[in-house]
Structure formats: C-alpha cells, structure tokens
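# Architecture and fold: a report
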Amino acid sequence: MKYVWFGIAGVLGGVLGGMGMGGGTLLIPLLNIFYKVGQHTAQAVNLLSFIPMAVVALIIHIKNKLVNFKRIIWIILPGVVSCIAGCYIAKSLSGYLLARCFGGFLVLLSVFQFVSEIKRKN
Amino acid sequence: MSSKQKQKNELRTDKKLNVYAVLTGLSAGIINGVFGGGGGMLVVPMLVHLLKCPAKKAHATAILIILPLSIVSGIFYAAFGNFNLEVGIPAGIGVILGGTVGALLLSKLSSKWLTIIFCVVMAAAGVKMLLF
C-alpha cells in the first residue's frame, strides 16, 4: 500500500513539475512530512525521478526551438562544480538540520514567487 | 561612435554576460546539490533578468541546465547511499505520469491563481519543516 502513496506523491510533484512550477519543491516536503522519508532520501529520489521527465520535456522544447544554447557551457560547467560541492555540504548535515534548512529555503522561495506573481502583468 | 569603440563596448557587455552566466550556474548548482531540487526556480528569473532571455525560452532552457546538474547530484547522492528504490521507483513512475498530465494542463489553466495557491502550500510546508 505504501508504494501507492509514494506513487501518488510522485504524481502530485510531477503535475507541478510538468507545469513548470517546481515539482521537486512539492515532492520533497510531501515525502518528508507525510511519509516520514528521511530528508536525504527524499532529495535523492527527487533528483533521480526528475531525469526521465526532463529528457522528454527537453526533446519537445528543442523541437519547438524554445531552448537558448547561448553561453550554456558558461552556466553548466560552473554549475556542475558547485553542485558537487553542494552534495558534500548536504552529506555533512544531519537529516534533521537539512530538513530545517530546506524549510527555510521553501519559505523564501514561496515569498519570492508570490511577490513576482503579484507584480506580473497579464 | 567609432567602430573600434563599438567593438570595445560589445566585448565588455559580452564579458559581463559571461560573468552573469557563471554566477547563474554556480547558484543553480549549489541549490541543486544541497537541496536536491528547486534550482530551476532560481535559474528562470536569473536567465530572464541577468541574461535577458525571454520568459518562455527561460523555462525550457532551465531544464537543459538543471538536467546535467541533477544527473551529477543524483550520482553523488546515490554513491553516498541516500537513494532508496522502494521510494524511488513508485515515486519516479508517478512523476512521469504526473509530468505528462501537467504539461498537457499547462496550456488549459490560467496559472495566476494556481501559482498563488502553490505559494501558500509551499510556505505552509516550509514553515512546518523549519519550525516543527
């Protein structure tokens, strides 16, 4: 039965991810708060489950000429270096502390997104 | 303006944009590595405001940036023994199904209210994780 619940958490995160609203920021807290999955495990699951969806989305976007390749190497290479550093930072924190930091990150993100959504004219 | 000066100015803007590009990459990477997600929500506004990328292209381009970062971070997390197949396989299948639905819904729903609801849910989850 618990597999069904993990699947449902994935669907909810996936719907938001597919809509471009940041699925990981929903899947990680769902796994942590409701299913008591450890913070490190929730983050690992989010990282790896993002890959197949991103590949499909990317193929569609490239076909639609929506991807901007300019300076992409200047972004990705430093990103790879700092994400490895980030992985070691996460590893050095306890699950308890990492979850608290993640909570703070979520609050900041939601305030930032709320403000930019209110400002956006449509 | 002489063409020499113009060239010089262009070169300067070019250099500045390269610095912004490196900054965008560094910030996306550190967030992706530490928090295992959420990098995209940082990359999109940075692409739009710093690198003058149109909003629609920024969403698609963000995926191209986050994908290699997630692969690298995912490998490190798995190597540290954090991945769990019992959670990962059902959640992964769910993400693929949900992702397809979300991509199809995107064109049909007005996103303003949805984004605001999402912000409230995210803030509630954040406060819960931060304080309790």
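Everything quoted here is computed from the prediction, not taken from an experiment.

### Section: the overall build of chain B
Looking only at helices and strands, chain B has 5 helices and 0 strands in total. Traced from its N-terminal end to its C-terminal end, chain B shows the element sequence α-α-α-α-α. Over its C-alpha trace chain B gives a radius of gyration of 19 Å, far above what one expects of a compact globule, namely 14 Å for 132 residues. When the 132 residues of chain B are sorted by exposure, 44% land in the buried category. Partitioning the intrachain contacts of chain B with sequence separation of at least 6 by distance along the chain shows that 46% fall at a separation of at least 24. Surface summary for chain B: the accessible area is close to 7,000 Å², and the carbon and sulfur share equals 71%.

### Things to note about the overall build of chain A
A tally of helices and strands in chain A yields 5 helices and 0 strands. Residue burial in chain A is summarised as follows: out of 122 residues, 50% are buried. Long-range contacts, defined here as pairs at least 24 residues apart, represent 47% of the contacts in chain A between residues at least 6 apart. A total of about 6,100 Å² of accessible surface is found on chain A, and carbon and sulfur atoms cover 74% of it.

### A word on the packing of aromatic side chains
One pair of aromatic rings is described through two measures. These are the centre distance and the angle between the planes. Overall, the coordinates contain 7 aromatic pairs over all chains when judged by the stated rule. Ring centres of Y88 of chain A and F80 of chain B lie 5.2 Å apart, and the angle between their planes is 70°; on these two criteria the pair is classed as edge-to-face. One end of the pair, Y88 of chain A, is in helix α4 (residues 72–92); the other, F80 of chain B, is in the loop between α3 (55–79) and α4 (85–106), on a second chain. Ring centres 6.2 Å apart and planes at 70° place the aromatic pair F76 of chain B and F80 of chain B in the edge-to-face group. Residue class for F80 of chain B comes out partly exposed when judged on its relative accessible area of 22%.

### What to know about the interface of chain B and chain A
Listed per partner, the contact involves 81 residues of chain B and 84 residues of chain A. In this assembly, chain B and chain A are joined by 2 salt bridges. The partner of D14 of chain B in a salt bridge is R71 of chain A, with the nearest N and O atoms 3.7 Å apart. Applying the counting rule to chain B against chain A returns 15 residue pairs in polar contact (both at pLDDT 80 or more). Of all the secondary-structure elements, those providing two or more residues to the side of chain B that touches chain A are α1 (3–35), α2 (39–49), α3, α4 and α5 (111–131) of chain B. Here the side of chain B that touches chain A takes 19 residues from α3 of chain B, the largest share from any one element. Residue composition of the side of chain B that touches chain A, by class: 50 nonpolar, 25 polar and 6 charged.

### A look at the pattern of salt bridges
Two side chains carrying opposite charge are able to pair once their charged atoms lie near each other. One pass over the full model with this rule turns up 2 salt bridges over all chains. Between E86 of chain B and K2 of chain A there is a salt bridge whose closest N-O contact spans 3.2 Å. Taken together, the positions of E86 of chain B in helix α4 and K2 of chain A in helix α1 (residues 2–18) put the pair across two chains.

### A word on the nonpolar core
Judged by nonpolar contacts, the single largest core of 38 residues is most densely connected at L31 and F102 of chain A together with F118 of chain B. Both domains that meet at this core, namely domain 1 (1–83) and domain 2 (86–132) of chain B, each give it at least three residues. Residues in contact with F102 of chain A, not counting those within four places in the same chain, are I28, P29, Q39 and Q43 of chain A together with F35 and M129 of chain B.

### Details of α1 of chain A
Because each turn of an α-helix spans 3.6 residues, side chains separated by three or four positions end up pointing in the same direction. An ideal rise of 1.5 Å per residue puts 24 Å on 17 residues; α1 of chain A measures up with 24 Å between its terminal C-alpha atoms. Every buried residue belonging to α1 of chain A is among F6, G7, A9, G10, G13, G14, V15, L16 and G18 of chain A, and all of these are buried.

### Thoughts on unusual backbone geometry
Residue and element names in this part refer to chain A. The phi angle at K65 is positive, at roughly 55°, despite the residue not being glycine. Mapped onto the fold, K65 is located in the loop between α3 (39–63) and α4. Assessed through its relative accessible area of 66%, K65 is described here as exposed. Phi angles above zero are rare outside glycine, and R71 is one such case at about 60°. If you trace the backbone, R71 turns up in the loop between α3 and α4.

Reading the values: rules and limits
One numbering rule holds for all chains: residues counted from 1, following each sequence as written. Following the order in which they are written, the chains are lettered starting with A and the ligands numbered starting with 1. Local features in a predicted model are, by the rule used here, given only for residues with pLDDT of at least 70; side-chain atom pairs are given and counted only at 80 or more, and totals for whole chains, interfaces and linings are based on all residues. Derived side-chain values reflect all non-hydrogen atoms in the structure, with water molecules and hydrogen atoms excluded from consideration. Starting at the N terminus, helices and strands are each numbered in turn, a helix being any DSSP run of H or I of at least four residues and a strand any DSSP run of E of at least two. The globule rule is 2.2 Å times the number of residues to the power 0.38, and the radius of gyration it is compared with is taken over C-alpha atoms. Burial classification: accessible surface area is computed with a 1.4 Å probe over protein chains only, and a residue below 20% of its type maximum counts as buried, one above 50% as exposed, and the rest as partly exposed. Contacts: residue pairs with any heavy atoms within 4.5 Å of one another. Accessibility throughout is a Shrake-Rupley quantity obtained with a 1.4 Å probe, and a residue counts as covered only by protein chains that appear here. Ring geometry is summarised as follows: Phe, Tyr and Trp rings, the Trp one being its six-membered ring, pair when their centres sit within 6.5 Å, and such pairs are stacked at plane angles under 30 degrees, edge-to-face over 60 and tilted between the two. Salt bridges are defined by distance alone: a side-chain nitrogen of Lys or Arg within 4 Å of a carboxyl oxygen of Asp or Glu. Whenever two N or O atoms come within 3.5 Å, that pair is a polar contact, provided that in protein one can donate a hydrogen and the other can accept it, and provided that, for residues adjacent in sequence, both atoms are side-chain atoms. Three classes are used, and their members are as follows: Ala, Val, Leu, Ile, Met, Phe, Trp, Tyr, Cys and Pro are nonpolar, Asp, Glu, Lys and Arg are charged, and the others, Gly among them, are polar. What we call a nonpolar core is a set of buried Ala, Val, Leu, Ile, Met, Phe, Trp, Tyr and Cys residues that are connected through their side-chain atoms within 4.5 Å. Domain boundaries shown here were taken from an automatic or database domain assignment. The span expected for a helix works out to 1.5 Å for each residue beyond the first.

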